[in-house]
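Spelled out, the chains give:
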Amino acid sequence: IDGTVIKQNISKNIVKYRELAGFSQKELAQKLGVTPSRVSNWEQGANCPTIDILFDVCKVLNVSINDIYGIYKFIFIEAILFVPLPHNKNELNISP
């Protein structure tokens, strides 16, 4: 994945998680100690936050760095529920 895709993911996901957290750009900016125009620039993809600020963004929005980068390897695992069976068929309460 090239830098352009990552930058687009970061921009898109800052918007997504900011909105999910219920913050305006101004509120997020205040929590991060930056100007609202910086948040706007990140969200528009004009520039990206530094890695230090990116970790602060994650903390404020309560998401992981993977959430912000938006890069995952999806592994689907089926969960199987194992129920131990009794050794004696009479314990199963099954009628013949």
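Here the structure is a predicted model, which means the values were calculated and not measured. (Residues numbered from 1 in each chain as written. Predicted model: local features only at pLDDT ≥ 70, side-chain atom pairs only at ≥ 80, totals over all residues. Heavy atoms only, no water.)

Engineer: Account for the pattern of salt bridges, with residues named and values stated.
Structural biologist: Considering all chains together, one arrives at two salt bridges under this definition. Put simply, Arg 18 and Glu 19 hold a salt bridge, and the shortest N to O gap is 3.9 Å. Of the residues examined, Arg 18 reaches a relative accessible area of 8% and is grouped as buried. One salt bridge connects Arg 18 with Glu 43, and the closest N-O pair in it is separated by 2.5 Å. Residue Arg 18 is found in helix α1 (residues 3-21), and its partner Glu 43 is found in helix α3 (residues 36-44); the two are separated by 25 residues along the sequence. Each member of the pair Arg 18 and Glu 43 is classed as buried. Through salt bridges with shared partners, one network takes in Arg 18, Glu 19 and Glu 43. (Salt bridge = Lys/Arg side-chain N within 4 Å of Asp/Glu carboxyl O. Buried < 20%, exposed > 50% of the residue type's maximum accessible area, 1.4 Å probe, protein only. Helix = DSSP H or I, 4+ residues; strand = E, 2+ residues; numbered from the N terminus.)

Engineer: Before we move on, could you go through the packing of helix α2 (residues 25-32) against α3 and cite the residues and values that matter?
Structural biologist: Interaxial distance between α2 and α3 falls to 8 Å at its minimum, and their mutual angle equals 110°. The angle between α2 and α3 places the two elements in the roughly perpendicular class. The interaxial crossing formed by α2 with α3 has right-handed handedness. Counted together, Gln 25, Lys 26, Leu 28, Ala 29 and Leu 32 of α2 and Pro 36, Val 39, Ser 40, Trp 42 and Glu 43 of α3 form the full contact between these two elements. (Axes fitted to C-alpha atoms, helices over the stretch in contact; angles between N-to-C directions. Parallel < 35°, antiparallel > 145°, perpendicular 65-115°, else oblique. Left-handed = near helix turned anticlockwise from the far one by under 90°. Contact = heavy atoms within 4.5 Å.)

Engineer: Which residues make up the nonpolar core, and what values go with them?
Structural biologist: In this structure, Ile 14, Val 34, Trp 42, Val 57, Leu 61 and Ile 68 are the most contacted members of the largest nonpolar core, which totals 17 residues. Elements that contribute at least two residues to this core include exactly α1, α2, α3 and α4 (51-61). Element by element, the count of residues in this core is highest for α4, at five residues. For Leu 61, the contacting residues outside a window of four places in its chain are Ile 14, Tyr 17, Arg 18, Ala 21, Phe 23 and Leu 28. (Core = buried A, V, L, I, M, F, W, Y, C linked by side-chain atoms within 4.5 Å.)

Engineer: Tell me what's going on with the environment of Leu 54, and back it up with residues and numbers.
Structural biologist: Examined against the element boundaries, Leu 54 turns out to sit in helix α4. The buried category is assigned to Leu 54, whose relative accessible area is 2%. It is 9.4 Å that separates the C-alpha atoms of Leu 54 and Ile 14, two residues lying 40 residues apart in sequence. When sequence neighbours within four positions are dropped, the list of residues in contact with Leu 54 reads Ile 10, Ile 14, Pro 49, Ile 65, Ile 68 and Tyr 69.

Engineer: Residues and numbers for the side chain of Asn 9, please.
Structural biologist: You can see Asn 9 is positioned in helix α1. Its relative accessible area of 12% is what places Asn 9 among the buried residues.

Treat this as a map of the structure, not an account of what it does.
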